[in-house]
Amino acid sequence: MKIEKTDAQWQQELTDEQYHVCRQKGTERPFSGEYVHFDGQGAYSCVCCGQVLFESTTKFDAGCGWPSFWEVVDKEAVKYIEDKSLGMDRIEVVCSACEAHLGHVFPDGPEPTGLRYCMNSVALEFKQED
């Protein structure tokens, strides 16, 4: 289900940092996010709309300064956008429901996918397993 809100609504609902990262395609400083070294068991959802994106069982320490995952919970949960900003060729990852910027995906992750979803902590909300 597509979620559409005005820019003013997003600004009102999100913190300044969440708004900067999720709606303006910003990036939090490396090693500053709350989920970089976090190892709780549960699921990570989009902070903007609550759609589940990653399971804790796919999280790994990539040493890059951002929480990293090797697989999304459902291939329909995210969309991929070519990103040539900052003089680099990257693949941006956005939430498929609300189009929040989450981070980028790189082809240097562990098996079985070989992918590294490098996400911003402020774009995620953790929900503990019951």
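Model, not experiment: these values are computed from the prediction.

Criteria and cut-off values
Residues numbered from 1 in each chain as written. Predicted model: local features only at pLDDT ≥ 70, side-chain atom pairs only at ≥ 80, totals over all residues. Heavy atoms only, no water. Buried < 20%, exposed > 50% of the residue type's maximum accessible area, 1.4 Å probe, protein only. Helix = DSSP H or I, 4+ residues; strand = E, 2+ residues; numbered from the N terminus. Contact = heavy atoms within 4.5 Å. Core = buried A, V, L, I, M, F, W, Y, C linked by side-chain atoms within 4.5 Å.

Of the residues making up helix α2 (residues 16-24), those classed as buried are Q18, Y19, V21 and C22. Along its buried surface, α2 packs onto α1 (7-13) and β7 (101-106). The first or second residue beyond α2 is K25, which carries a positive phi of 60°.

A word on unusual backbone geometry. Note that the residue after E111, namely P112, is joined by a cis bond; omega there is 15°. Relative to the helices and strands, P112 resides in the loop between β7 and β8 (116-119). Unusually for a residue other than glycine, K25 sits at a positive phi of about 60°. One non-glycine residue, F31, lies in the positive phi region at around 65°. Along the chain, the position of F31 falls in the loop between α2 and β1 (42-46).

Membership of the largest hydrophobic core comes to 26 residues, with the highest contact counts inside it found for C48, L53, F54, L102, Y117 and M119. Contributing elements (two or more residues each) for this core: α2, β1, β2 (52-55), β6 (90-95), β7, β8 and β9 (124-128). Here L53 is in contact with Y44, S45, C46, V72, V73, A77, V78, L102 and L124, once residues within four sequence places are set aside.

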